[in-house]
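So the chains spell out like this:
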Amino acid sequence: MKVLKFGGTSVANAQNIKLVLEIVEQKAKDDQLVVVVSALSKVTDLLQSAAAKAAANDESFREVVAEIEKKHLDTLKELIPVSEQSSLLSHVKRIINHLETLLDGCFLLGELSPRTADTILSFGELLSSYIIAQAYKQINNDAVYKDSRELIKTNTDFGKAAVNFEVSNQLIQEYFAQNEAKINILPGFIAQTLDGITSTLGRGGSDYTAAIIAGAIDAEQLEIWTDVNGMFTANPKIVKQAQPIANISYQEAMELSHFGAKVLYPPTIQPVLRKNIPILIKNTFEPEAVGTLISDTVVAKDSVVKGISHIDHISLVTLEGPGMIGVAGSSRRLFEVLSQEKINVIFITQASSEHSICIGILNSDADNAEAAINRAFEIEIAQNKIDPCYVEKDLCIIALVGENMKNHQGLSGRMFSTLGKNNVNIRAIAQGASERNISTVINERDVKKALNTLHENFFEENTKQLNLFVMGVGNVGEKFIEQIHNQKKFLKDNLKINVRVIALSNSRKMLFDEDGISLKEWQADLDKGEPADKEAFITRAKELNLRNSIFVDITANASVSETYEQFLKQSIAVVTCNKIACSSAYDNYKKLKSLSRQYNAPFLFETNVGAGLPIIDTVKNLIASGDKVHKIQAVLSGSLNFIFNNFDKNNSFHDVVKEAGVQGFTEPDPKIDLSGIDVARKILILIRESGYEMDIDAIANESFLPAECLATTNNEDFFASLIKHAAHFEGIYQEALAKDSRLKYVAQFENGKASVGLQFIPKDHPFYNLEGKDNIVLFYTDRYVDQPLLIKGAGAGAAVTASGIFADVIRIGNI
């Protein structure tokens, strides 16, 4: 059995109802049906207007009743043959007379209770369902009309009555167990208390009626027939490029419907969700369109953001003041007040300082909320502990919705950045722990611009393909490939960057795949590859001639650094963590930079200094903006910082150096780090990027290693020499203790001179508390004179270095 619900636009007039009857007849050929219908379009509004006028002693309510009567009589006359109209017209008139009697009562009493309002509003569905049932019987007599009030029971919370599912489910199941009619036609929206008093399920509750019945009878499917082709990525009336959503999860549909996707009434999904009954949204006027299927199945290939929705006519109510800080119960009191006034809170956000709390409610509730809140906190307001609540009206909530959003980073930033770039001011922000929804409050006048801007950013971008040729897949390279693999989908779906690894090479093997190497088992595939050949690697990269090609050097090999010129001349970008090229002869450094500009091929080496820290990029931006660097002080070796932070009376120098290697903080040849040459290269690169001409031999390198250690030619001899000279290193440590200082390997540049060497750092120095493998750089410039620009963070380790390389690749993708 299937349940079909037809909304107000679907049954707006006789012409539309005929389309409904055709759909029902076609569906009835294959299934037993339950058909739930809404009131004719705009009738509920007319009923509300008539009730309000009557309660206000406005005689014009009778004109509204006449309009309602004419609308239904005209519809009936067009659907039913003249010969059979008489009794049906009389029945409709009797219903109208009953309505008018109720309105007369409101007029005489000058009031409209919620109970009476529910009874008045029920007439829309009662009239439409009766007319549609009679019209369908003209086509197929195997149809019955059933009043929903006999099946769905609620409490007495008139206006938005809560369903008694235990009683209702039993009544529904008993009725359909005994009823064998092919088609049952019922009014939506209306129900009844256990005492037999008419109640309603809230505005738009016809969907809810259909879902309650579907859940009770374990329907095969619930179909919601409306005037659009399902749920869209945004409101198609506002965003012309909005796309229909073929599949969506229950949770996503709940979020989108709550945030203004009027195709669905928010509570609708709940009764069917528990039973995993799929919901199909269809278009009455294009029944052949696919529509939207709502189910518990999430399609993996779907976009992270499933849709953008909004709620109009929102007011933001802010309660703030120092009297709220650290005071338990302030939020509880606020929400109790709103609950007592039956005000629905749509949006909540609170500052972590507890100084303020902000809620979003409907404009229609704003004045009532303001008065009630100020009454509840009048003592605190009088004592100036809390300010009178502040209300901002005519706002709108915009929400990004997606089940997979919780698995992806950067969505909030992208949303806020997009709005900011288009001058849409964000008044408030909220995101639930489920991360299924990111909501912002903006001015209502900006809603069209905001929706279109966000939709363009999240649903209409082209993907840029990057083709990577990676040389060096040791510790850092392995982490780099892992990061690409883990972030591949995120980059494609969020940044519209499709990263493909075309080639991999280590010192033994190389592997090429023009369609992209699978990163799931790349190590095994590389082991099966052809013998490594640097020149052949370069030749193949040139011959493939792929767009957006990037050569990624993750080695410390001098000969590899000498190949950059060949790549750049072929307009192949170069990303490298290898410091040798940028610290080579100054003329070579300048030549590579010039080739990069000449062939429009980016040459990025952020990880040459500080691993993943944005040190080089910061220097570039300083210089580009007209600043001038005068002095640099830095601890640039994460490995040396790790070594001297862990070298103490309990850990020998030899053992700490060994451990640094095990953790991947040193180069394969640790002497490169301990000799100071690595730090010298790094400070040289910073000096050059700061606009100064210098070569490596101009940097004073005051080594702390004994000459015998420096003279070793292999790692085994080097480590043996560290043991032999343990007393030397112990002496350095004891001297630091005596001076109440810490050992740091410092690089300096000032007045055109540079040096690197071990220093005793006193407690009042910024370098003293530098822990672990962290790096720190102080830039003194024209703009940063007394207080230097400081950059600090992890400066060693495979993961952070790989992330820096990855960041350079992404920079190229964003160009």
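Residues numbered from 1 in each chain as written. Predicted model: local features only at pLDDT ≥ 70, side-chain atom pairs only at ≥ 80, totals over all residues. Heavy atoms only, no water.

Peer 1: Any chance you could explain the overall build of the chain here in plain terms?
Peer 2: On a plain count of helices and strands, the chain comes out with 29 helices and 30 strands. For 815 residues, the compact-globule estimate of 2.2 N^0.38 gives 28 Å, and the C-alpha radius of gyration of the chain, at 36 Å, exceeds that figure by more than 25%. A burial count over the chain gives 55% of its 815 residues as buried. A separation of at least 24 residues holds for 72% of the contacts in the chain among residues at least 6 apart in sequence. Accessible area of the chain: about 35300 Å², with a carbon and sulfur share of 47%. Positive and negative side-chain charges of the chain, numbering 83 and 102 respectively, have mean locations separated by a distance of 2 Å. (Helix = DSSP H or I, 4+ residues; strand = E, 2+ residues; numbered from the N terminus. Rg over C-alpha atoms; globule rule 2.2 N^0.38 Å. Buried < 20%, exposed > 50% of the residue type's maximum accessible area, 1.4 Å probe, protein only. Contact = heavy atoms within 4.5 Å. Areas by Shrake-Rupley, 256 points an atom, 1.4 Å probe, with all protein chains shown as cover. Lys, Arg positive; Asp, Glu negative; His and termini not counted. Charge placed at Lys NZ, Arg CZ, Asp CG, Glu CD.)

Peer 1: Would you mind showing me how to read the sheet that holds strand β4 (residues 153-154) here?
Peer 2: Sheets are built from strands that pair by backbone hydrogen bonding, the pairs being arranged parallel or antiparallel. Strand order in the open sheet formed by three strands is β4-β6-β7, with mixed pairing between adjacent strands. Of all strands in the sheet, those bounded by a partner on one side alone are β4 and β7 (198-200). (Pairing = 2+ DSSP bridges.)

Peer 1: I would appreciate a short explanation of the pattern of salt bridges in the present structure.
Peer 2: Opposite charge on two side chains makes pairing possible when the charged atoms of those side chains draw close. Following the criterion strictly, the structure yields 33 salt bridges and no others. Across the pair Glu565 and Lys569 runs a salt bridge, and its minimum N-O distance is 2.9 Å. Of the two residues, Glu565 and Lys569 both sit in helix α19 (residues 564-569), four residues apart, roughly one turn of that helix. Its salt-bridge partner being Lys739, residue Glu735 comes within 3.0 Å of it at the nearest N-O pair. Judged by relative accessible area, Glu735 falls into the partly exposed class, the value being 35%. Three or more residues are tied together by salt bridges with common partners; here these are Lys2, Lys27, Asp31 and Glu223. (Salt bridge = Lys/Arg side-chain N within 4 Å of Asp/Glu carboxyl O.)

Peer 1: For this particular structure, what's the right way to read the nonpolar core?
Peer 2: Nonpolar side chains tend to gather and get buried jointly when the protein is soluble and globular. Counting residues in each nonpolar core, the largest one holds 78 residues, and the members touching the most others are Phe551, Phe653, Leu686, Phe704 and Phe779. Looking at this core element by element, the count peaks at seven residues for helix α25 (residues 677-689). Setting aside residues no more than four positions away along its own chain, Leu686 makes contact with Val609, Ile615, Ile616, Val619, Ile632, Leu636, Val777 and Phe779. By size, the runner-up hydrophobic cluster in this structure holds 64 residues, among which are Ile281, Ile308, Met415 and Leu454. (Core = buried A, V, L, I, M, F, W, Y, C linked by side-chain atoms within 4.5 Å.)

Peer 1: Whenever I open this one, helix α5 (residues 114-137) confuses me. Can you help?
Peer 2: Note on helix geometry: an α-helix contains 3.6 residues per turn, so any two residues three or four positions apart are oriented the same way. In this model, α5 (24 residues) spans 35 Å end to end at C-alpha, consistent with the 34 Å of a helix rising 1.5 Å per residue. The element α5 is extensively covered by neighbouring structure, given that 20 of its 24 residues are classed as buried. (Expected span 1.5 Å × (residues − 1).)

Peer 1: For this particular structure, what's the right way to read the pairing of strand β20 (residues 509-512)?
Peer 2: The two faces of the sheet receive side chains in turn, since in a regular strand these alternate between them. Note that strand β19 (residues 497-505) and β20 share three bridges and pair antiparallel. For Ala503, the partnering residue across the bridge sits in β20 and is Phe512. Taken together, β19 and the strand that follows it, β20, pair antiparallel across an intervening segment of three residues. With two bridges joining them, β20 and strand β21 (residues 530-531) adopt antiparallel strand pairing. Counterpart to Lys509 in the pairing with β21 is Pro531.

Peer 1: Looking at this structure, how should I read the sheet that holds strand β13 (residues 347-350)?
Peer 2: An order of β13-β14-β12-β15-β17-β16 is seen for the six strands of this open sheet, with the pairing classed as antiparallel. Every interior strand has two partners, whereas the edge strands, β13 and β16 (428-431), have only one. Averaged over all pairs of adjacent strands, the angle between strand axes in this sheet comes to 30 degrees, irrespective of strand direction. Examined bridge by bridge, β16 and strand β17 (residues 437-443) share four bridges and lie antiparallel to one another. Residue pairing across strands places Ile429 opposite Thr440, the latter belonging to β17. In this fold helix α10 (residues 330-340) packs onto β12 (307-320), β13 and β14 (356-362), with an angle of close to 15 degrees to the strand it touches most, β14. Sheet strands in contact with helix α11 (residues 363-376) are β12, β14 and β15 (390-401), and its direction is about 140 degrees off that of β14. (Axes fitted to C-alpha atoms, helices over the stretch in contact; angles between N-to-C directions.)

Peer 1: Where do I start with helix α15 (residues 475-495) in this structure?
Peer 2: A maximum bend of about 55 degrees is found in α15 at Gln487. Buried within α15 are the following residues: Val476, Gly477, Phe480, Ile481, Gln483, Ile484, Phe490, Leu491 and Asn494. (Bend = angle between axes of the 7 residues up to and from the residue.)

Peer 1: Which parts of the structure should I look at to understand the packing of helix α1 (residues 14-28) against helix α3 (residues 61-79)?
Peer 2: Geometry of a packed helix pair, given as the angle between the helix axes and the separation of the axes. Contact pair α1 / α3: the axes reach a minimum separation of 9 Å and the direction vectors enclose 50 degrees. Viewed along their axes, α1 and α3 adopt a mutual orientation that is oblique. Here α1 and α3 pass one another in a crossing that is right-handed. Contact with α1, carried on its side by Ala14, Gln15, Ile17 and Lys18, involves Thr75, Glu78 and Leu79 of α3 and no other residues of that element. Across the contact of α1 with α3, the residue classes break down as three nonpolar, two polar and two charged. (Parallel < 35°, antiparallel > 145°, perpendicular 65-115°, else oblique. Left-handed = near helix turned anticlockwise from the far one by under 90°. Nonpolar A, V, L, I, M, F, W, Y, C, P; charged D, E, K, R; others polar.)

Peer 1: Would you explain the pairing of strand β5 (residues 183-187) in this entry?
Peer 2: Along β5, five of the five residues are buried, which leaves the element largely enclosed by surrounding structure. As paired strands, strand β2 (residues 33-37) and β5 are joined by five bridges and run parallel to one another. If you follow Val36 over to β5, its bridge partner there is Leu186. Where strand β3 (residues 143-145) meets β5, three bridges bridge the pair, whose relative direction is parallel. For Val144, the partnering residue across the bridge sits in β5 and is Asn184.

Peer 1: Where do I start with the packing of aromatic side chains in this structure?
Peer 2: Each aromatic ring pair is characterised by the separation of its centres together with the angle its planes make. The final tally for this structure, using the stated rule, is 23 aromatic pairs. With a centroid separation of 5.3 Å and an interplanar angle of 70 degrees, the aromatic rings of Phe644 and Phe704 are classed as edge-to-face. Linking Phe644 in helix α22 (residues 638-646) with Phe704 in the loop between β26 (699-702) and α26 (707-710), this pair joins segments that are 60 residues apart in sequence. With respect to class, Phe644 is no different from Phe704; both count as buried. An aromatic cluster is defined as three or more aromatic residues linked by ring pairs; in this entry it consists of Phe469, Phe512, Phe537, Phe551, Tyr564, Phe567, Phe603 and Phe605. Its guanidinium or amino end placed over the ring of Phe605, Lys620 lies 5.0 Å from that ring's centre, counting from NZ or CZ. Above the face of the Tyr780 ring, Lys631 is positioned so that its terminal group lies 4.9 Å from the ring centre. (Phe/Tyr/Trp six-rings, centres within 6.5 Å; stacked < 30°, edge-to-face > 60°. Lys NZ or Arg CZ within 6 Å of the ring centre and 35° of its normal.)

Peer 1: How should the packing of α10 against α11 be read in this particular structure?
Peer 2: As a packed pair, α10 and α11 sit with axes 10 Å apart at the nearest point and diverge in direction by 135 degrees. With respect to their mutual orientation, α10 and α11 come out oblique. Of the two elements, α10 crosses α11, and the hand of that crossing is right-handed. From α10, Arg333, Leu334, Val337 and Leu338 reach across to α11, where they touch Ala369, Ala372, Ile373 and Ala376. Here the contact of α10 with α11 is composed, by residue class, of seven nonpolar, no polar and one charged.

Peer 1: Can you walk me through unusual backbone geometry in this structure?
Peer 2: Trans peptide bonds make up most of the peptide bonds, and negative phi angles are found at most residues other than glycine. Phi at Phe189 is positive, roughly 75 degrees, even though this residue is not glycine. You can call Phe189 buried: its relative accessible area is 4%.

Peer 1: I tried to follow the environment of Thr233 on my own but got confused; where do I start?
Peer 2: Position of Thr233 among the secondary structure elements: in the loop between β8 (221-226) and β9 (247-249). Of the residues examined, Thr233 reaches a relative accessible area of 4% and is grouped as buried. Those residues within four positions of Thr233 in sequence are excluded, and the remaining contacts are Ala242, Gln243, Ile245, Lys306, Gly307, Ile308, His455 and Phe459. Here His455 takes part through its side chain, which lies 2.6 Å from a polar atom of the side chain of Thr233. (Polar contact = N/O pair within 3.5 Å; in protein donor to acceptor, adjacent residues only side chain to side chain.)

Peer 1: Looking at this structure, how should I read the side chain of Thr607?
Peer 2: Tracing the chain through its elements places Thr607 in the loop between β24 (603-604) and α21 (615-624). Polar contacts involving the side chain of Thr607 include one to the main-chain carbonyl oxygen of Thr576, which spans 3.4 Å. When sequence neighbours within four positions are dropped, the list of residues in contact with Thr607 reads Thr576, Cys577, Thr801, Gly804, Ile805 and Asp808.

Peer 1: Which parts of the structure should I look at to understand the environment of Gly474?
Peer 2: On the secondary structure map, Gly474 appears in the loop between β18 (464-471) and α15. Judged by its relative accessible area of 40%, Gly474 falls in the partly exposed class. Separated by 33 residues in the primary sequence, Gly474 and Ser507 place their C-alpha atoms 9.7 Å from one another.

Everything listed here is a matter of coordinates, which is why it stays silent on function.
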